[in-house]
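Residues per chain, in single letters:
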Amino acid sequence: MIIVLKSGVTEEQIRHVVQRIEQLGLRAHVSRGTYRTVIGVIGDEAKAMAEPLRAIPGVAEVMPVLPPYKLASIEAHPEPSIVRVGSVRIGGGHLALIAGPCAVENAPRMFAIAERVRRAGANLLRGGAYKPRTSPYAFQGLGEEGLKILAEAGQRVGMPTVTEVTDPRNVELVARYADMLQVGARNMQNFVLLTEVGRSGKPVLLKRGPSATVTDLLMSAEYILSQGNSQVVLCERGVRGFDPLTRNLFDLAAVALVKRLSHLPIIVDPSHATGRPDIIPDCALAGVAVGADGVHVEVHDCPEEAKSDGQQALLPDQFDQLAEQIRRVAAVFGKKVSELPGEIPCDVDSSLETGKCI
Ligand code: PEP
Ligand code: MN
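Residues numbered from 1 in each chain as written. Chains lettered and ligands numbered in written order. Predicted model: local features only at pLDDT ≥ 70, side-chain atom pairs only at ≥ 80, totals over all residues. Heavy atoms only, no water.

Here we take up the nonpolar core. Membership of the largest hydrophobic core comes to 85 residues, with the highest contact counts inside it found for I90, V117, V197, L206, L234, F319 and I326. Apart from residues no more than four positions distant in its own chain, I326 is found in contact with L95, L97, L285, V288, V295 and V337. Among the nonpolar cores identified, the runner-up in size contains 16 residues, and V18, I21, L26 and I56 belong to it. (Core = buried A, V, L, I, M, F, W, Y, C linked by side-chain atoms within 4.5 Å. Buried < 20%, exposed > 50% of the residue type's maximum accessible area, 1.4 Å probe, protein only. Contact = heavy atoms within 4.5 Å.)

In C-alpha coordinates form, the structure reads like this:
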(Lines give C-alpha, C1' and ligand atoms only; values in the text may rest on other atoms or scores of the structure.)
(Ligands and ions follow the chains in the order given, each with its own letter.)
Protein backbone atom coordinates (compact mmCIF):
# COMPACT_ATOMS: atom_id res chain seq x y z
CA MET A 1 0.00 0.00 0.00
CA ILE A 2 1.14 3.53 -0.69
CA ILE A 3 0.08 6.44 1.47
CA VAL A 4 0.35 9.83 -0.23
CA LEU A 5 0.66 12.70 2.24
CA LYS A 6 -0.79 16.17 1.77
CA SER A 7 1.48 18.96 0.62
CA GLY A 8 2.51 20.97 3.66
CA VAL A 9 2.34 17.95 5.96
CA THR A 10 4.35 18.54 9.13
CA GLU A 11 7.18 16.34 10.46
CA GLU A 12 5.05 15.62 13.51
CA GLN A 13 2.18 14.40 11.31
CA ILE A 14 4.55 12.15 9.36
CA ARG A 15 5.81 10.65 12.63
CA HIS A 16 2.24 10.08 13.72
CA VAL A 17 1.31 8.25 10.48
CA VAL A 18 4.41 6.04 10.83
CA GLN A 19 3.54 5.30 14.44
CA ARG A 20 -0.01 4.29 13.45
CA ILE A 21 1.30 1.97 10.74
CA GLU A 22 3.74 0.32 13.16
CA GLN A 23 1.00 -0.10 15.75
CA LEU A 24 -0.83 -2.23 13.15
CA GLY A 25 2.18 -4.55 12.87
CA LEU A 26 3.19 -3.11 9.47
CA ARG A 27 6.40 -1.47 8.31
CA ALA A 28 6.60 2.06 6.93
CA HIS A 29 9.07 3.37 4.39
CA VAL A 30 9.05 7.17 4.07
CA SER A 31 10.12 8.74 0.72
CA ARG A 32 10.43 12.50 0.63
CA GLY A 33 9.98 14.04 -2.81
CA THR A 34 10.24 17.65 -3.90
CA TYR A 35 6.49 18.20 -3.81
CA ARG A 36 5.05 15.29 -1.90
CA THR A 37 6.03 12.73 0.69
CA VAL A 38 4.80 9.17 0.28
CA ILE A 39 4.93 6.24 2.67
CA GLY A 40 5.28 2.70 1.38
CA VAL A 41 3.54 0.28 3.72
CA ILE A 42 4.82 -3.29 3.87
CA GLY A 43 2.73 -6.08 5.38
CA ASP A 44 -0.78 -7.50 5.21
CA GLU A 45 -2.42 -5.07 2.79
CA ALA A 46 -5.97 -6.41 3.13
CA LYS A 47 -5.75 -5.85 6.89
CA ALA A 48 -4.27 -2.38 6.43
CA MET A 49 -6.95 -1.40 3.90
CA ALA A 50 -9.62 -2.23 6.47
CA GLU A 51 -8.20 0.53 8.73
CA PRO A 52 -9.30 4.18 8.37
CA LEU A 53 -5.79 5.39 7.47
CA ARG A 54 -7.26 8.04 5.20
CA ALA A 55 -8.63 9.72 8.32
CA ILE A 56 -5.18 10.41 9.83
CA PRO A 57 -4.29 14.13 9.65
CA GLY A 58 -1.89 14.84 6.79
CA VAL A 59 -2.94 11.84 4.69
CA ALA A 60 -4.15 12.74 1.17
CA GLU A 61 -4.67 9.30 -0.34
CA VAL A 62 -4.33 5.61 0.44
CA MET A 63 -3.60 3.44 -2.59
CA PRO A 64 -3.58 -0.34 -2.56
CA VAL A 65 -1.05 -2.06 -4.78
CA LEU A 66 -2.77 -5.47 -4.67
CA PRO A 67 -6.37 -6.40 -5.50
CA PRO A 68 -8.58 -6.56 -2.39
CA TYR A 69 -9.32 -10.26 -2.98
CA LYS A 70 -6.52 -12.66 -2.18
CA LEU A 71 -7.76 -16.23 -2.55
CA ALA A 72 -9.70 -15.44 -5.75
CA SER A 73 -6.76 -13.71 -7.41
CA ILE A 74 -4.68 -15.14 -10.22
CA GLU A 75 -1.57 -14.38 -8.13
CA ALA A 76 -2.80 -16.81 -5.47
CA HIS A 77 -3.28 -19.58 -8.03
CA PRO A 78 -1.78 -18.96 -11.48
CA GLU A 79 -3.33 -22.13 -12.98
CA PRO A 80 -7.06 -22.17 -13.78
CA SER A 81 -9.06 -23.90 -11.06
CA ILE A 82 -11.19 -26.86 -12.00
CA VAL A 83 -14.44 -27.18 -10.07
CA ARG A 84 -16.05 -30.61 -9.83
CA VAL A 85 -19.78 -31.19 -9.59
CA GLY A 86 -20.24 -34.94 -9.43
CA SER A 87 -18.28 -36.19 -12.42
CA VAL A 88 -18.56 -32.87 -14.27
CA ARG A 89 -15.44 -30.73 -14.48
CA ILE A 90 -15.73 -26.97 -14.97
CA GLY A 91 -12.68 -24.88 -15.88
CA GLY A 92 -9.25 -25.61 -17.34
CA GLY A 93 -10.69 -26.41 -20.78
CA HIS A 94 -13.77 -28.26 -19.51
CA LEU A 95 -17.10 -26.55 -20.14
CA ALA A 96 -20.28 -26.70 -18.10
CA LEU A 97 -23.53 -26.83 -20.07
CA ILE A 98 -26.26 -26.07 -17.57
CA ALA A 99 -29.86 -26.29 -18.76
CA GLY A 100 -33.38 -26.64 -17.44
CA PRO A 101 -36.46 -24.60 -16.68
CA CYS A 102 -36.33 -21.40 -14.67
CA ALA A 103 -38.53 -22.99 -12.01
CA VAL A 104 -39.39 -26.56 -11.11
CA GLU A 105 -43.14 -26.62 -11.85
CA ASN A 106 -44.21 -30.23 -11.54
CA ALA A 107 -42.62 -33.67 -11.74
CA PRO A 108 -43.68 -34.82 -15.25
CA ARG A 109 -42.56 -31.57 -16.85
CA MET A 110 -39.25 -31.55 -14.97
CA PHE A 111 -38.56 -35.17 -15.95
CA ALA A 112 -39.40 -34.50 -19.59
CA ILE A 113 -37.19 -31.40 -19.81
CA ALA A 114 -34.38 -33.21 -18.00
CA GLU A 115 -34.46 -35.99 -20.52
CA ARG A 116 -34.40 -33.59 -23.45
CA VAL A 117 -31.49 -31.50 -22.19
CA ARG A 118 -29.55 -34.61 -21.19
CA ARG A 119 -29.99 -36.05 -24.67
CA ALA A 120 -28.80 -32.73 -26.14
CA GLY A 121 -25.57 -32.98 -24.13
CA ALA A 122 -26.19 -30.75 -21.11
CA ASN A 123 -24.14 -31.88 -18.14
CA LEU A 124 -25.89 -30.08 -15.25
CA LEU A 125 -29.62 -29.86 -14.68
CA ARG A 126 -31.08 -26.65 -13.30
CA GLY A 127 -34.47 -25.67 -11.91
CA GLY A 128 -35.44 -23.22 -9.18
CA ALA A 129 -37.38 -24.36 -6.12
CA TYR A 130 -36.94 -21.03 -4.30
CA LYS A 131 -37.53 -18.22 -6.77
CA PRO A 132 -36.44 -14.65 -6.00
CA ARG A 133 -39.27 -12.78 -7.72
CA THR A 134 -39.58 -9.03 -8.11
CA SER A 135 -43.30 -9.29 -7.32
CA PRO A 136 -44.54 -10.95 -4.14
CA TYR A 137 -47.61 -12.04 -6.15
CA ALA A 138 -45.55 -14.02 -8.70
CA PHE A 139 -44.87 -17.77 -8.38
CA GLN A 140 -42.34 -18.22 -5.58
CA GLY A 141 -41.31 -21.83 -6.28
CA LEU A 142 -42.34 -25.18 -4.84
CA GLY A 143 -39.82 -25.10 -1.99
CA GLU A 144 -38.74 -28.52 -0.64
CA GLU A 145 -41.18 -30.30 -2.96
CA GLY A 146 -39.35 -28.67 -5.89
CA LEU A 147 -35.99 -29.80 -4.50
CA LYS A 148 -37.25 -33.38 -4.35
CA ILE A 149 -38.54 -33.26 -7.93
CA LEU A 150 -35.27 -31.78 -9.23
CA ALA A 151 -33.21 -34.39 -7.36
CA GLU A 152 -35.36 -37.21 -8.76
CA ALA A 153 -35.15 -35.79 -12.29
CA GLY A 154 -31.35 -35.63 -11.96
CA GLN A 155 -31.20 -39.21 -10.74
CA ARG A 156 -33.45 -40.47 -13.53
CA VAL A 157 -31.32 -39.03 -16.29
CA GLY A 158 -27.96 -39.27 -14.55
CA MET A 159 -27.28 -35.54 -14.23
CA PRO A 160 -25.94 -33.57 -11.28
CA THR A 161 -28.22 -30.70 -10.30
CA VAL A 162 -27.91 -27.01 -9.47
CA THR A 163 -30.56 -24.93 -7.77
CA GLU A 164 -30.78 -21.56 -6.09
CA VAL A 165 -30.70 -21.01 -2.36
CA THR A 166 -32.07 -17.64 -1.29
CA ASP A 167 -31.98 -17.87 2.48
CA PRO A 168 -29.05 -18.76 4.76
CA ARG A 169 -31.46 -20.81 6.88
CA ASN A 170 -32.15 -23.09 3.90
CA VAL A 171 -28.56 -23.85 2.92
CA GLU A 172 -28.48 -27.17 4.77
CA LEU A 173 -31.81 -28.25 3.29
CA VAL A 174 -30.92 -27.33 -0.30
CA ALA A 175 -27.47 -28.93 0.09
CA ARG A 176 -29.18 -32.21 1.03
CA TYR A 177 -30.89 -32.39 -2.38
CA ALA A 178 -28.69 -30.54 -4.87
CA ASP A 179 -25.15 -31.12 -6.12
CA MET A 180 -24.39 -27.43 -6.59
CA LEU A 181 -25.81 -24.37 -4.82
CA GLN A 182 -26.67 -21.29 -6.83
CA VAL A 183 -26.40 -17.85 -5.28
CA GLY A 184 -28.56 -15.67 -7.51
CA ALA A 185 -27.78 -12.20 -8.78
CA ARG A 186 -30.01 -10.51 -6.21
CA ASN A 187 -28.16 -12.24 -3.39
CA MET A 188 -24.60 -11.78 -4.63
CA GLN A 189 -23.88 -9.47 -1.72
CA ASN A 190 -25.88 -11.33 0.90
CA PHE A 191 -22.78 -11.92 2.97
CA VAL A 192 -24.48 -14.16 5.52
CA LEU A 193 -25.66 -16.41 2.67
CA LEU A 194 -22.18 -16.41 1.10
CA THR A 195 -20.64 -17.46 4.40
CA GLU A 196 -23.18 -20.27 4.81
CA VAL A 197 -22.72 -21.68 1.31
CA GLY A 198 -18.99 -21.44 1.93
CA ARG A 199 -19.37 -23.53 5.08
CA SER A 200 -21.52 -26.10 3.28
CA GLY A 201 -18.50 -27.25 1.28
CA LYS A 202 -20.77 -27.76 -1.78
CA PRO A 203 -19.81 -26.36 -5.20
CA VAL A 204 -21.30 -22.89 -5.60
CA LEU A 205 -22.53 -21.09 -8.72
CA LEU A 206 -22.17 -17.40 -7.89
CA LYS A 207 -24.05 -15.06 -10.23
CA ARG A 208 -22.99 -11.47 -10.74
CA GLY A 209 -25.32 -8.90 -9.21
CA PRO A 210 -27.19 -6.59 -11.61
CA SER A 211 -25.11 -3.61 -10.51
CA ALA A 212 -21.99 -5.33 -9.23
CA THR A 213 -18.53 -4.49 -10.54
CA VAL A 214 -16.11 -7.27 -11.41
CA THR A 215 -14.25 -6.46 -8.18
CA ASP A 216 -17.51 -6.78 -6.21
CA LEU A 217 -18.09 -10.20 -7.79
CA LEU A 218 -14.60 -11.39 -6.90
CA MET A 219 -14.97 -10.05 -3.35
CA SER A 220 -18.17 -12.08 -2.98
CA ALA A 221 -16.31 -15.15 -4.23
CA GLU A 222 -13.68 -14.34 -1.61
CA TYR A 223 -16.33 -14.71 1.13
CA ILE A 224 -17.00 -18.28 -0.01
CA LEU A 225 -13.32 -19.15 -0.53
CA SER A 226 -12.39 -17.74 2.86
CA GLN A 227 -14.66 -20.38 4.47
CA GLY A 228 -12.37 -23.04 3.02
CA ASN A 229 -14.64 -23.81 0.06
CA SER A 230 -12.65 -23.61 -3.16
CA GLN A 231 -15.46 -24.91 -5.38
CA VAL A 232 -16.72 -21.63 -6.80
CA VAL A 233 -17.92 -20.99 -10.36
CA LEU A 234 -18.73 -17.39 -11.32
CA CYS A 235 -21.50 -16.44 -13.73
CA GLU A 236 -21.96 -13.36 -15.91
CA ARG A 237 -25.72 -12.90 -16.33
CA GLY A 238 -25.91 -9.30 -17.45
CA VAL A 239 -25.91 -6.04 -15.55
CA ARG A 240 -28.53 -3.33 -15.46
CA GLY A 241 -28.37 -1.49 -18.77
CA PHE A 242 -30.23 1.41 -20.34
CA ASP A 243 -31.76 -0.28 -23.35
CA PRO A 244 -35.21 -1.81 -22.86
CA LEU A 245 -34.72 -4.03 -25.91
CA THR A 246 -32.68 -6.45 -23.81
CA ARG A 247 -33.41 -7.52 -20.24
CA ASN A 248 -29.88 -6.69 -19.09
CA LEU A 249 -26.58 -5.67 -20.62
CA PHE A 250 -24.53 -8.78 -21.41
CA ASP A 251 -21.03 -7.88 -20.25
CA LEU A 252 -18.69 -10.05 -22.30
CA ALA A 253 -15.71 -7.88 -21.34
CA ALA A 254 -16.24 -8.94 -17.72
CA VAL A 255 -15.73 -12.58 -18.76
CA ALA A 256 -12.47 -11.82 -20.55
CA LEU A 257 -11.35 -9.69 -17.62
CA VAL A 258 -12.16 -12.27 -14.93
CA LYS A 259 -9.99 -14.77 -16.86
CA ARG A 260 -7.08 -12.37 -16.34
CA LEU A 261 -7.78 -11.48 -12.72
CA SER A 262 -8.84 -14.79 -11.25
CA HIS A 263 -8.27 -18.53 -11.50
CA LEU A 264 -11.95 -19.25 -10.87
CA PRO A 265 -14.07 -20.59 -13.72
CA ILE A 266 -16.67 -18.18 -15.10
CA ILE A 267 -19.67 -19.17 -17.19
CA VAL A 268 -22.23 -17.08 -19.08
CA ASP A 269 -26.00 -16.98 -18.73
CA PRO A 270 -27.33 -15.39 -21.93
CA SER A 271 -30.93 -16.20 -20.88
CA HIS A 272 -31.05 -13.71 -18.01
CA ALA A 273 -28.52 -11.42 -19.69
CA THR A 274 -30.66 -10.81 -22.77
CA GLY A 275 -34.14 -12.16 -22.00
CA ARG A 276 -34.57 -12.86 -25.73
CA PRO A 277 -34.57 -16.34 -27.23
CA ASP A 278 -33.81 -14.87 -30.67
CA ILE A 279 -30.33 -13.76 -29.56
CA ILE A 280 -29.58 -16.19 -26.72
CA PRO A 281 -27.75 -18.68 -29.01
CA ASP A 282 -25.51 -16.01 -30.57
CA CYS A 283 -24.67 -14.61 -27.14
CA ALA A 284 -23.96 -18.07 -25.75
CA LEU A 285 -21.47 -18.74 -28.53
CA ALA A 286 -19.87 -15.33 -28.06
CA GLY A 287 -19.44 -16.18 -24.38
CA VAL A 288 -17.59 -19.39 -25.22
CA ALA A 289 -15.45 -17.53 -27.77
CA VAL A 290 -14.44 -14.91 -25.23
CA GLY A 291 -13.28 -17.59 -22.80
CA ALA A 292 -16.25 -18.63 -20.68
CA ASP A 293 -16.00 -22.01 -18.97
CA GLY A 294 -19.58 -22.86 -19.72
CA VAL A 295 -23.07 -21.76 -20.62
CA HIS A 296 -26.24 -21.64 -18.55
CA VAL A 297 -29.57 -21.51 -20.41
CA GLU A 298 -33.22 -21.86 -19.54
CA VAL A 299 -35.15 -24.46 -21.51
CA HIS A 300 -38.89 -25.12 -21.39
CA ASP A 301 -41.09 -27.40 -23.47
CA CYS A 302 -43.99 -24.94 -23.42
CA PRO A 303 -42.78 -21.41 -22.64
CA GLU A 304 -46.26 -19.92 -22.72
CA GLU A 305 -47.22 -22.06 -19.74
CA ALA A 306 -44.01 -21.44 -17.76
CA LYS A 307 -44.51 -20.14 -14.23
CA SER A 308 -41.40 -18.00 -14.47
CA ASP A 309 -39.23 -16.53 -17.26
CA GLY A 310 -41.21 -18.22 -20.07
CA GLN A 311 -40.46 -15.28 -22.39
CA GLN A 312 -36.77 -16.15 -22.44
CA ALA A 313 -36.93 -19.95 -22.55
CA LEU A 314 -35.41 -21.86 -25.44
CA LEU A 315 -37.46 -24.75 -26.81
CA PRO A 316 -35.80 -28.17 -26.50
CA ASP A 317 -35.18 -28.29 -30.27
CA GLN A 318 -33.47 -24.91 -30.15
CA PHE A 319 -31.34 -26.14 -27.27
CA ASP A 320 -30.33 -29.26 -29.25
CA GLN A 321 -29.02 -27.01 -31.99
CA LEU A 322 -27.27 -24.63 -29.60
CA ALA A 323 -25.57 -27.48 -27.72
CA GLU A 324 -24.08 -28.74 -30.98
CA GLN A 325 -22.86 -25.25 -31.90
CA ILE A 326 -21.33 -24.81 -28.43
CA ARG A 327 -19.40 -28.07 -28.84
CA ARG A 328 -18.07 -26.85 -32.18
CA VAL A 329 -17.03 -23.41 -30.94
CA ALA A 330 -15.44 -24.97 -27.85
CA ALA A 331 -13.39 -27.27 -30.09
CA VAL A 332 -12.03 -24.27 -32.00
CA PHE A 333 -10.52 -23.07 -28.70
CA GLY A 334 -9.26 -26.53 -27.74
CA LYS A 335 -11.99 -26.95 -25.11
CA LYS A 336 -14.65 -29.57 -24.55
CA VAL A 337 -18.08 -29.74 -22.98
CA SER A 338 -17.71 -32.14 -20.02
CA GLU A 339 -19.45 -35.37 -20.87
CA LEU A 340 -21.53 -37.35 -18.42
CA PRO A 341 -20.60 -40.98 -18.11
CA GLY A 342 -22.74 -43.63 -19.75
CA GLU A 343 -25.97 -43.46 -21.64
CA ILE A 344 -29.22 -42.05 -20.35
CA PRO A 345 -30.50 -44.77 -18.02
CA CYS A 346 -33.04 -46.81 -19.98
CA ASP A 347 -35.68 -46.72 -17.24
CA VAL A 348 -36.42 -43.13 -18.27
CA ASP A 349 -39.95 -43.03 -19.62
CA SER A 350 -39.69 -40.86 -22.72
CA SER A 351 -43.45 -40.91 -23.20
CA LEU A 352 -43.85 -38.81 -20.07
CA GLU A 353 -46.53 -36.14 -20.26
CA THR A 354 -44.63 -33.10 -21.53
CA GLY A 355 -47.36 -30.63 -20.64
CA LYS A 356 -48.31 -29.98 -24.25
CA CYS A 357 -49.16 -26.38 -24.93
CA ILE A 358 -52.67 -26.73 -26.22
C1 PEP B 1 -32.22 -17.92 -12.25
O2 PEP B 1 -31.15 -18.50 -12.55
O3 PEP B 1 -33.33 -18.42 -12.44
C4 PEP B 1 -32.15 -16.54 -11.75
C5 PEP B 1 -33.11 -16.03 -10.99
O6 PEP B 1 -31.05 -15.89 -12.19
P7 PEP B 1 -30.46 -14.45 -11.74
O8 PEP B 1 -30.18 -14.59 -10.28
O9 PEP B 1 -29.25 -14.33 -12.59
O10 PEP B 1 -31.51 -13.42 -12.04
MN1 MN C 1 -34.96 -17.48 -14.60
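Additional details are given in the paragraphs that follow.
It is worth spelling out the packing of helix α3 (residues 107-120) against helix α11 (residues 316-332) at this point. Between α3 and α11, the least distance of the axes is 9 Å, while the angle of their chain directions is 25 degrees. Accordingly, the angle class assigned to the pair α3 and α11 is roughly parallel. The way α3 lies across α11 gives a crossing that is right-handed. Between α3 and α11, the residues in contact are R116, V117 and A120 and P316, D317, F319, D320, A323 and R327, respectively. Class assignment of the residues belonging to the contact of α3 with α11 gives a composition of 5 nonpolar, no polar and 4 charged. (Axes fitted to C-alpha atoms, helices over the stretch in contact; angles between N-to-C directions. Helix = DSSP H or I, 4+ residues; strand = E, 2+ residues; numbered from the N terminus. Parallel < 35°, antiparallel > 145°, perpendicular 65-115°, else oblique. Left-handed = near helix turned anticlockwise from the far one by under 90°. Nonpolar A, V, L, I, M, F, W, Y, C, P; charged D, E, K, R; others polar.)

Its location among the elements puts P108 in helix α3. Owing to a relative accessible area of 33%, P108 belongs among the partly exposed residues under this scheme. Taking the C-alpha atoms as reference points, P108 and A96, separated by 12 residues in sequence, lie 25 Å from one another.

A few words now on the coordination of the manganese ion (ligand 2). At the metal site, the manganese ion (ligand 2) is ligated by C102 (SG), H272 (NE2), E298 (OE) and D309 (OD), and these contacts range over 2.1 to 2.4 Å. Between consecutive donor residues of the manganese ion (ligand 2), the sequence gaps follow C-x169-H-x25-E-x10-D. In this pair, C102 is assigned in the loop between β7 (94-100) and α3 and H272 in helix α9 (residues 270-274), connecting sequence segments 170 residues apart. Taking relative accessible area as the criterion, C102 reaches 4% and is therefore assigned buried. (Donors = N, O, S within 2.8 Å, 3.2 Å for Na, K, Ca; no water.)

We now examine the sheet that holds strand β2 (residues 27-32). By way of backbone hydrogen bonds, the strands of a sheet pair with one another, either parallel or antiparallel. Here 4 strands make up an open sheet; going across it, the order is β2-β3-β1-β4 and the pairing antiparallel. At either margin of the open sheet sits one strand with a lone partner, and together these are β2 and β4 (59-63). Across the sheet, the axes of successive neighbouring strands diverge by a mean angle of 20 degrees, strand direction being ignored. Note: strand β1 (residues 2-5) against β4, 4 bridges, orientation antiparallel. Across the sheet, I3 pairs through a bridge with V62, a residue of β4. (Pairing = 2+ DSSP bridges.)

Applying the stated criterion across every chain yields a total of 1 aromatic pair. Look at F191 and Y223: their rings are 4.6 Å apart centre to centre, the planes differ by 25 degrees, and that puts the pair in the stacked class. Pair noted here: F191 is in helix α6 (residues 191-200) and Y223 is in helix α7 (residues 214-225), with a separation of 32 residues, a long-range link. By relative accessible area, which is 33% here, F191 ends up partly exposed. For Y223, a relative accessible area of 34% translates into the label partly exposed. One Lys or Arg, R156, reaches over the ring of F111 and ends 4.0 Å from the middle of that ring. Positioned over the ring face of F139 is K307, at 5.6 Å from the centre of the ring. (Phe/Tyr/Trp six-rings, centres within 6.5 Å; stacked < 30°, edge-to-face > 60°. Lys NZ or Arg CZ within 6 Å of the ring centre and 35° of its normal.)

On to the pattern of salt bridges, then. This model, assessed by the stated rule, comprises 21 salt bridges. A salt bridge links D320 to R116, with the nearest nitrogen and oxygen atoms 2.9 Å apart. Note that D320 is positioned in helix α11 and R116 in helix α3, a separation of 204 residues in sequence. Given a relative accessible area of 29%, D320 falls into the partly exposed group. Two residues, D293 and K259, come together in a salt bridge whose shortest N-O distance is 2.5 Å. Separated by 34 residues along the polypeptide, D293 in the loop between α10 (280-290) and β14 (294-298) and K259 in helix α8 (residues 252-261) bring together distant segments of the chain. One salt-bridge network, held together by shared partners, links E105, R109, D301 and E305. (Salt bridge = Lys/Arg side-chain N within 4 Å of Asp/Glu carboxyl O.)

Without other data, these values stay purely geometric and don't point to any function.
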